[in-house]
Amino acid sequence: MSHITLSARFARVAPALIAAAAVAGSATAARAPAPPPGPPPEVVAPPSTQLVQHIAVRGTQRIEPQTVVSYISIREGDVYNPQTVDLALKTLYQTGLFADVKMHFDGTTLTIAVVENPIINQIDFEGESKVSQKDLEKEIQLKPRTVFTRAKVQADVQRIIELYRRNGKFAASVDPQIIQRPQNRVDLIFSIVEGPSTGVARINFIGNKVFDDATLKSQIATEESDWYKFLSSNDNYDPDRLTFDREMLRRYYVSHGYADFRVVSAVAELTADRRSFYITFTLDEGAKYKFGKVEIESSIRELPAATLRPSIKIQSGDIYNAELVQKAIDSLTNAAGTKGYAFAEVHPRIARNRDSKTIDLILKIDQGPRVYIEKINIVGNQRTLDKVIRREFRLVEGDAFNRVLVDRSRTRIRGLGFFKDVTIKQSPGSQPDRTDLTVTVTEQSTGSLSLGAGYSSTSSFVGEFSYTEQNLFGRGQYLRASIQLSSISKQFQFSFTEPYFLDRPLAAGIDLYKIVTNYQQADYQGDTTAGGVRFGFPTSEFGSVGLRYTYKIDKITPFSGAPLEVQLAAGETKTSVVGYSFVYNTLDDPIKPTNGLIMSISQEFAGLGGSLKYIRNQASFGLYRPVLWDQFVGSFNVQAGYITGYDGQQIPIQERFFKGGDSFRGFAQAGVGPRDIVVSGNNGAVGGNVFVIGSGQLKLPSFLPESYGVETALFTDVGTVGHLDSIVRTCTLTSCIKDNLALRGSAGLAVAWKSPFGPITIDFGIPFIKTSYDRTQLIYFSAGTGL
């Protein structure tokens, strides 16, 4: 390019030379006479400006030459400018598509020579064990079929190292390697050396006077390493977790009145052997405060302060608790939502009195416009029809916004059992008084085709083949067909339910089943064949009524040596039953309730055809409440039933109540109630016409990560079963039935595990009140149920 440079220099120097020559010529002209006239002298023009007449691209493989040209601002016909060429060079490098770029201009043609970056064929990891390959793939930015650059690889190396540090592997190293493939492709391999785990040797606190170290350690997520914590993932140093621990300490102190509390520092020091850390928190606890004045200022006419005050549990003189302040804000926000003020804001004003160590709280509710629902959008339902979700909504487009009804709608949608998660979010509408609701659902599997085997304390080994679909064709219909075989029973079942029959809130269903069971505790085999139809409809937001009709044929075959009551019931009976039920349910969550109640009553009338005539009455009541600082869930359930014959009929054994196993923990199946004690072994149960069982349960916080799916609860069951129609009060050589409605009681621990094979529950129950003829069972195992 020297000739270009010389031309450019000549272009700059030429005007000066011409000017100098002109001046000299003028001086000469002044001294010499003018030449004779003749033709005008020829004017010499400066050299012409260099133009880019052609642009040529060399070295491309996958990228079209026109694409390369489109990235730069130089076009054919433009004046050549070194600054513009330099900018084009940098622009091409910044695209990340090229490993090398060179430009050459020969006076007419600008040649762009490029070397393309290779394309990543596949990415693999070697040496990983602490962190799964799935997590590593989520962490890195490079993906197959993207452009390979060294800068991006180094950035991903740092991301992987940081991921390992978060998992306690501070000695981890990553070596990226590439394998060349044809067509300018490469395989990228991250070779990982994880190194030893870096644990937490000790956690120290400095400046804590109110709470001891053990108390504070229980409030943070980080744990000290120990041999028995092999299931824990928090016994390693993680900077992000340390930040979370600072916040947890602050929340704990503030919830106990220490409003000025702060974590001065949180330092992690690596030991000399680089295997563990010493973590030290330096605290400034500050003074303890109490609530002073607690006032509400409401600008909403429908929400006067006097009516809102009972919803706030804060009283003057209580220990200051920031969590109570947030709960008060939530309560007032919900109260505003019930009146249609969707965007009403509650602003807490806190005045700290350092002398009296009190904090005055004023909760001001700013009035906003009444908001109406403009749109209800449903997203995430790939399979379930929109109408299945919308019919559970308690609001429609055009209604005034009501937060209580929105929460109720979420509970109803989640109660369908079709979705893993349900969220409802608000967003401003087209006008200030309009709001849109977006219902986001995450669908889960609702159908199962299973062929399996299991074990339970009641049925021993169980084999089952079944097809169940809770959301048939996405319409919310329920279908189940199953065959279950065990050592004591054979069951064949078909059920179908249409929840909105004729597009009305009327559930309709049909049931067909056949059950053959060896009731070993009662010394007989029962063979039941039945079919029925049922209907159900809501009577209110929380109440519903069910109607049903069942026709069944029962066959009783006594075993050898069966009690007299069983022998008298031998043969075939036909029963035509009409029944109804009423259920009232206010539970906050149908799957894992923590608050609310559920009650039901039902009656069955047999005698509209068939050979049996009786009336069966049953009732149940359940109450759930958070207790003990809202860390536990307490529940109380009571069930009662009574069956009686009419027109002189007595109740046959197959229609009586048998309790025990999962219905009365600590006792064997049919282990509670009237029994013929002449029969040897654990047999001889004859059932009862009356039962009353109450159960109290305290669900404990999980001591394992939530992903393990393990729950525990303490329980106690108290009740009785008995009151036969008529028995022989005096014992004979062949029969001696004990029936005294004696009170029984048991207590123990229940453990539930949501296993990959389905829910499993193990009850450890110890009877503390029992009769001599009851049959106990300390451990009861069952599948398909939870706490």
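These numbers were taken from a predicted model, which means no experiment stands behind them.

Chemist: Kindly report on the overall build of the protein chain, identifying the contributing residues and their values.
Modeler: Within the protein chain, the secondary structure is distributed over 12 helices and 33 strands. Relative to its full complement of 787 residues, the protein chain shows a buried share of 38%. Taking as baseline every contact in the protein chain between residues at least 6 positions apart, the subset at least 24 positions apart corresponds to 58%. Of the roughly 42,500 Å² that the protein chain leaves accessible, carbon and sulfur atoms contribute 56%.

Chemist: If you had to explain the packing of aromatic side chains to someone new, which residues and values would you point to?
Modeler: All told, the structure shown has 14 aromatic pairs when counted by the stated rule. Ring centres of Phe211 and Tyr253 lie 5.2 Å apart, and the angle between their planes is 75°; this geometry places the pair in the edge-to-face category. Placement of Phe211 in the loop between strand 7 (199-206) and helix 6 (213-217) and of Tyr253 in helix 7 (residues 239-254) is noted, with a sequence separation of 42 residues between them. Neither residue differs from the other here; Phe211 and Tyr253 are each classed as buried. With a centroid separation of 5.1 Å and an interplanar angle of 80°, the aromatic rings of Phe664 and Phe667 are classed as edge-to-face. Phe667 shares its class with Phe664; the two are buried. Aromatic rings pair up to connect Phe211, Tyr252, Tyr253, Tyr258 and Phe261 into one cluster. The ring centre of Phe691 lies 4.2 Å from the NZ or CZ of Lys659, which sits over that ring. Sitting above the plane of the Phe715 ring, Arg665 keeps its charged end 3.9 Å from the centroid.

Chemist: Outline the pattern of salt bridges, supporting the account with residue identities and numerical values.
Modeler: On inspection of all chains with the given rule, the structure shows 32 salt bridges. For Glu541, the salt bridge is made with Arg394, and the minimal N-O distance between the two is 3.3 Å. Here the residue Glu541 occupies a position in the loop between strand 21 (524-538) and strand 22 (543-558), and Arg394 occupies one in the loop between helix 10 (386-390) and helix 11 (403-415), the gap between them amounting to 147 residues. With a relative accessible area of 25%, Glu541 lands in the partly exposed category. Note that Glu655 is salt-bridged to Arg616, the shortest N-O span being 2.7 Å. Within this pair, whereas Glu655 is found in the loop between strand 26 (632-645) and strand 27 (675-676), its partner Arg616 is found in strand 25 (residues 614-627), the two being separated by 39 residues in sequence. The buried category is assigned to Arg616, whose relative accessible area is 11%.

Chemist: Which residues make up the sheet that holds strand 14 (residues 419-428), and what are the values?
Modeler: Across the sheet, which stays open at both edges, the three strands sit in the order 13-15-14 with mixed pairing between neighbours. What marks the edges here is a single partner per strand, and that holds for strand 13 (372-379) and strand 14. Direction aside, neighbouring strands of the sheet carry axes that sit 20° apart on average. Here seven bridges tie strand 13 to strand 15 (residues 434-443), and the two strands are oriented parallel to one another. In the sheet register, Asn377 faces strand 15, and the bridge partner there is Thr438.

Chemist: So what about the nonpolar core? Which residues, and what values?
Modeler: The biggest cluster of nonpolar side chains holds 25 residues, and the ones touching the most others in it are Ile314, Tyr320, Leu332 and Leu363. Sorting the residues of this core by element identifies strand 10 (290-298), helix 9 (322-338) and strand 12 (358-366) as the ones contributing at least two each. Per element, the largest residue contribution to this core is six residues, and it comes from helix 9. Discounting chain neighbours no more than four positions away, the residues touching Leu332 are Ile296, Leu308, Ser311, Ile312, Val346, Leu363 and Ile365. Formed by 21 residues, the second largest nonpolar core is a distinct cluster that contains Ile63, Ile74, Ile112 and Val147.

Chemist: Tell me what's going on with the side chain of Glu655, and back it up with residues and numbers.
Modeler: The exposure class assigned to Glu655 is buried, which follows from its relative accessible area of 1%. Within the structure, the side chain of Glu655 is placed 3.0 Å from the side chain of Lys552, a separation counted as a polar contact. A polar atom in the side chain of Glu655 sits 3.3 Å from the side chain of Tyr614. When neighbours within four sequence positions are excluded, Glu655 is seen to be in contact with Lys552, Asp554, Thr575, Leu612, Tyr614, Arg616 and Ile643.

Chemist: Now, about helix 3 (residues 82-94): what can you tell me, with residues and values included?
Modeler: Over its 13 residues, helix 3 extends 19 Å from the first C-alpha to the last, a length consistent with the 18 Å expected when each residue adds 1.5 Å. Considered for burial, the residues of helix 3 that qualify are Val85, Ala88 and Leu92. The arc that holds the buried residues of helix 3, viewed along the axis, is 60°, so those residues lie on one side. Summarising the geometry of helix 3, the exposed residues directed more than 90 degrees from the buried face are Gln83, Leu87 and Gln94. Where helix 3 is buried, its residues touch helix 2 (65-71), strand 2 (98-105) and strand 3 (109-116). Where helix 3 begins, the side chain of Asn81 points an oxygen toward the backbone nitrogen of Gln83, at a separation of 2.9 Å. Of the residues one or two after helix 3, Gly96 is the one with positive phi, at around 75°.

Chemist: Break down helix 5 (residues 150-166) for me, with residues and values.
Modeler: Helix length check: helix 5, at 17 residues, gives a terminal C-alpha distance of 25 Å against a target of 24 Å (1.5 Å per residue), a fit within 8%. Where helix 5 is buried, its residues touch strand 4 (119-126), helix 4 (133-139), strand 5 (173-181) and strand 6 (185-193). Phi turns positive, to about 80°, at Gly168, one or two residues after helix 5.

Chemist: Kindly report on a nonpolar patch on the surface, identifying the contributing residues and their values.
Modeler: Nonpolar side chains collect at one region of the surface, where Phe494, Phe501, Leu502, Ile510, Leu512, Val533, Phe535, Phe537 and Leu547 lie side by side and expose about 760 Å² of accessible area between them. Those elements that place two or more of their residues in the nonpolar patch are strand 20 (507-519) and strand 21. In terms of residue count, the dominant contributor to the nonpolar patch is strand 21 (three residues). Of note, Phe537 is situated in strand 21.

Chemist: Pulling in residues and values, what's your account of the confidence of the model for the protein chain?
Modeler: Scored by pLDDT, the protein chain comes out at a mean of 84, with 87% of its residues at no less than 70. Contacts from residues 1-35, a stretch scored under 50 in pLDDT, to residues over four places away or in other chains number six contacts. Confidence drops under a pLDDT of 50 for residues 38-48, and excluding neighbours within four residues, the segment shows one contact in the predicted structure.

Chemist: Which residues make up the sheet that holds strand 6, and what are the values?
Modeler: Judged by pairing direction, the sheet is mixed, and its three strands sit side by side in the order 4-6-5 without closing on themselves. The two strands at the open ends of the sheet, each matched to only one other strand, are strand 4 and strand 5. Geometrically, the sheet is characterised by an average inter-axis angle of 20° between neighbouring strands, direction not taken into account. Bridge count for strand 5 against strand 6 is nine bridges, and the pairing is antiparallel. Residue pairing for strand 6: Ser173 is matched across the bridge by Val193. Strands strand 4, strand 5 and strand 6 of the sheet are contacted by helix 5, whose axis makes an angle of about 30° with strand 6.

Chemist: Provide a residue-level description of the pairing of strand 3, including the pertinent values.
Modeler: Two strands pair when backbone bridges link them, and strand 1 (residues 54-58) and strand 3 are joined in this way by five bridges, in the parallel orientation. By the bridge assignment, Arg58 is partnered in strand 3 with Ala113. Bridging between strand 2 and strand 3 involves seven bridges; their strand directions are antiparallel. Counted as the bridge partner of Lys102 is Ala113 from strand 3. Counted along the chain from strand 2 to the antiparallel partner strand 3, the turn is three residues long, and its residue Gly107 has a positive phi close to 110°.

What counts, and where the lines are drawn
- Residues numbered from 1 in each chain as written.
- Predicted model: local features only at pLDDT ≥ 70, side-chain atom pairs only at ≥ 80, totals over all residues.
- Heavy atoms only, no water.
- Helix = DSSP H or I, 4+ residues; strand = E, 2+ residues; numbered from the N terminus.
- Buried < 20%, exposed > 50% of the residue type's maximum accessible area, 1.4 Å probe, protein only.
- Contact = heavy atoms within 4.5 Å.
- Areas by Shrake-Rupley, 256 points an atom, 1.4 Å probe, with all protein chains shown as cover.
- Phe/Tyr/Trp six-rings, centres within 6.5 Å; stacked < 30°, edge-to-face > 60°.
- Lys NZ or Arg CZ within 6 Å of the ring centre and 35° of its normal.
- Salt bridge = Lys/Arg side-chain N within 4 Å of Asp/Glu carboxyl O.
- Pairing = 2+ DSSP bridges.
- Axes fitted to C-alpha atoms, helices over the stretch in contact; angles between N-to-C directions.
- Core = buried A, V, L, I, M, F, W, Y, C linked by side-chain atoms within 4.5 Å.
- Polar contact = N/O pair within 3.5 Å; in protein donor to acceptor, adjacent residues only side chain to side chain.
- Expected span 1.5 Å × (residues − 1).
- Arc of directions from axis to C-beta.
- Patch = residues over 30% accessible without salt bridge, like charges linked within 9 Å, V, L, I, M, F, W, Y side chains within 5 Å.
- pLDDT = per-residue confidence, 0-100.

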